[in-house]
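# Analysis of the macromolecular model
Given next are the chains, with one letter for each unit.
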Amino acid sequence: MRVSVLGLGYVGCVSAACLAGRGREVIGVDVNQAKVDLVNAGKAPVVEERIGELTAEVVRTGALRATDDVREAIMGSEVSLVCVGTPSEPNGSLCTTYLERVTEQIGAALAEKGGRHTVVFRSTMLPGTCMNLLVPILEKYVGGTAGVDFGVAVNPEFLREGTSVRDFFDPPKTVIGELDPASGEVVAALYEGLPGEVFRVPVPTAEAIKYADNAFHGLKIGFANELGAICQALGVDSHQVIDVFLADRKLNISPAYLRPGFAFGGSCLPKDLRSLVHAARRADVSVPILSHVLPSNSDHLQRAVQLVERTGKRRAGLFGLSFKPGTDDLRESPLVELAERLIGKGYDLKIYDANVNLSRLLGANRAYIETRLPHIAQLLVDSVDEVMEHAEVCLVGTKDPAVLAALPHGEGPVLIDLVRLPDAETRRTETGYVGLVW
């Protein structure tokens, strides 16, 4: 397979050299003549472990060469990897100038070339950039249809500076956002034989994954540093704390809690976050990440209220009230907070939770609900049917089998899904179904 790589910055030069090292015939392209000359002389434009030796080897064997002519590269290849920069604008928005410019040049060359060619965007770009901005440019210049007359895919990179060659040959995963299966097959063939799971997903999903990764990486670093600052102020060895924290592969370093859903609550998380942030303030330690976790959680809960407001309905039903399924613990339950906000806005609310029985509530649990929802006895009903008969809009905060069995398809009240129902994928196309964040 003959490959052109447009943009010889960090990602481009590493991708070009590594693909050439895997037996591909690669043409690198850059507007900077100095980079072109370096590559053609067998020298890497960046300083990186192994990249110098690899570039020298693949140039010596003729597997890699470079040019400043986009047309020449397109004519001499079957697939193009676009690796140009997408820097930040002064206001923080994404600069797509270089992407647009090179896409226009690729489109003009493809119109002249003819035949099926696959354009693979490897640059980091926000969801919607490819389909709403770049594909229309290509179709305009080519005079054809993406996915039919030429292929389009998004293939985000997961290369760390300093270890990018190693990461290329041993990736954590390979993500292929395919406009059509044929485009995806071309990209999959480029990386055939490399370790790691391959994910073939819709184009916008592939665009979003890189942002999910980098946002989480930044969050992890910020979390560790803020926790370290608190530990230091309290006379605790932060590295000992983190060593024990990392040893928990069941809840901490795991998929646990990393599914979009409803707000968190309960007797531990909110209380402990408040205490930790208060301790930081007393020690004059700034912890902007930790101090905004609870406000973020509150804003997320408010999204559910806003979804109810948008329906224009006034009679509401809520399935689920306890903090966790299978318990009757109501302390700092986000569903109790949701009920409180709806009542405060004047909604006529009925609630069903099979595990909540007022006569069995004791101690702090009972005191909490009587304080937050003093008229709880008037809101709770004994059956799913009573809620369904009352409600114009139902909020589903539980996966209780009895509730799931009673939920209608199509006809009936508006369903606001707070838990991602087991059949959420099929319901998404139905009128009257609304997912909280999906």
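Note that this is a predicted model, so its numbers are computed, not measured.

### Here we look at helix α5 (residues 97–113)
If you check α5, its first and last C-alpha atoms are 24 Å apart, about what 17 residues at 1.5 Å a residue would give, namely 24 Å. Buried within α5 are the following residues: Leu-99, Val-102, Thr-103, Ile-106, Gly-107, Ala-109 and Leu-110. Considering only its buried residues, α5 is in contact with β1 (2–6), α4 (70–75), β4 (79–82), β5 (118–121) and α6 (129–142). Just downstream of α5, Gly-114 is the residue with a positive phi angle, here 75°.

### Some remarks on the packing of α5 against α6
Where α5 contacts α6, the two axes come as close as 8 Å, and the packing angle between them is 30°. It follows from the interaxial angle that α5 and α6 lie roughly parallel. Relative to α6, α5 is oriented so that their crossing is right-handed. Between α5 and α6, the residues in contact are Leu-99, Glu-100, Thr-103, Glu-104, Ile-106, Gly-107, Ala-108, Leu-110 and Ala-111 and Leu-133, Leu-134, Ile-137, Leu-138, Tyr-141 and Val-142, respectively. Partitioned by chemical class, the residues of the contact of α5 with α6 number 11 nonpolar, two polar and two charged.

### Observations regarding the sheet that holds strand β3 (residues 64–67)
What the eight strands build is an open sheet, ordered β3-β2-β1-β4-β5-β6-β7-β8; its pairing is mixed. With one partner strand each, in any of the chains shown, β3 and β8 (197–201) form the two edges of the open sheet. Each adjacent strand pair in this sheet contributes to an overall mean axis angle of 25°, direction not counted. Taken together, the four bridges between β4 and β5 define a ladder with parallel strand orientation.

### Structural notes on the pairing of β8
In this structure, strand β7 (residues 173–178) lies alongside β8, joined through five bridges in parallel fashion. Directly across from Gly-177, in β8, lies its bridge partner Val-201.

### Focus: the UniProt feature "binding site: GDP-alpha-D-mannuronate" (unreviewed entry) in the protein
Annotation from UniProt places "binding site: GDP-alpha-D-mannuronate" (unreviewed entry) at Glu-161, Lys-210, Asn-214, His-217, Asn-225, Tyr-257, Arg-259, Phe-262, Gly-265 and Lys-324. Spanning 164 residues, the named residues are also spread out in space, since their farthest C-alpha pair is 42.5 Å apart. Tracing the chain through its elements places Tyr-257 in the loop between α10 (238–247) and α11 (269–282). We classify Tyr-257 as exposed; its relative accessible area is 71%. Among the structural elements, Phe-262 can be located in the loop between α10 and α11. If near-sequence neighbours (up to four positions away) are discounted, Phe-262 is found in contact with His-300, Leu-301, Ala-304, Pro-334, Leu-335, Leu-338, Leu-418 and Leu-436.

### Here's the deal with the packing of aromatic side chains
Taken as a whole and judged by the stated rule, the model has three aromatic pairs. Aromatic side chains Phe-168 and Phe-169 sit 5.4 Å apart centroid to centroid with 75° between the ring planes, which places their arrangement in the edge-to-face category. The exposure class of Phe-169 is partly exposed, given its relative accessible area of 25%. The interplanar angle of 40° and the centroid separation of 5.9 Å between the aromatic rings of Phe-223 and Phe-245 together place this pair among those described as tilted. Of the two residues, Phe-223 is situated in helix α9 (residues 203–233) and Phe-245 in helix α10; the sequence distance between them amounts to 22 residues. Residue classification places Phe-245 among the partly exposed residues on the basis of a relative accessible area of 28%. Over the aromatic face of Phe-158 sits the side chain of Lys-173, whose NZ or CZ is 4.2 Å from the ring centroid. In this structure, Arg-314 packs its charged tip against the face of Tyr-347, placed 4.0 Å from the ring centre.

Procedures and definitions
- Residues numbered from 1 in each chain as written.
- Predicted model: local features only at pLDDT ≥ 70, side-chain atom pairs only at ≥ 80, totals over all residues.
- Heavy atoms only, no water.
- Helix = DSSP H or I, 4+ residues; strand = E, 2+ residues; numbered from the N terminus.
- Expected span 1.5 Å × (residues − 1).
- Buried < 20%, exposed > 50% of the residue type's maximum accessible area, 1.4 Å probe, protein only.
- Contact = heavy atoms within 4.5 Å.
- Axes fitted to C-alpha atoms, helices over the stretch in contact; angles between N-to-C directions.
- Parallel < 35°, antiparallel > 145°, perpendicular 65-115°, else oblique.
- Left-handed = near helix turned anticlockwise from the far one by under 90°.
- Nonpolar A, V, L, I, M, F, W, Y, C, P; charged D, E, K, R; others polar.
- Pairing = 2+ DSSP bridges.
- UniProt positions renumbered as here; feature names shortened; annotations may be inferred.
- Phe/Tyr/Trp six-rings, centres within 6.5 Å; stacked < 30°, edge-to-face > 60°.
- Lys NZ or Arg CZ within 6 Å of the ring centre and 35° of its normal.

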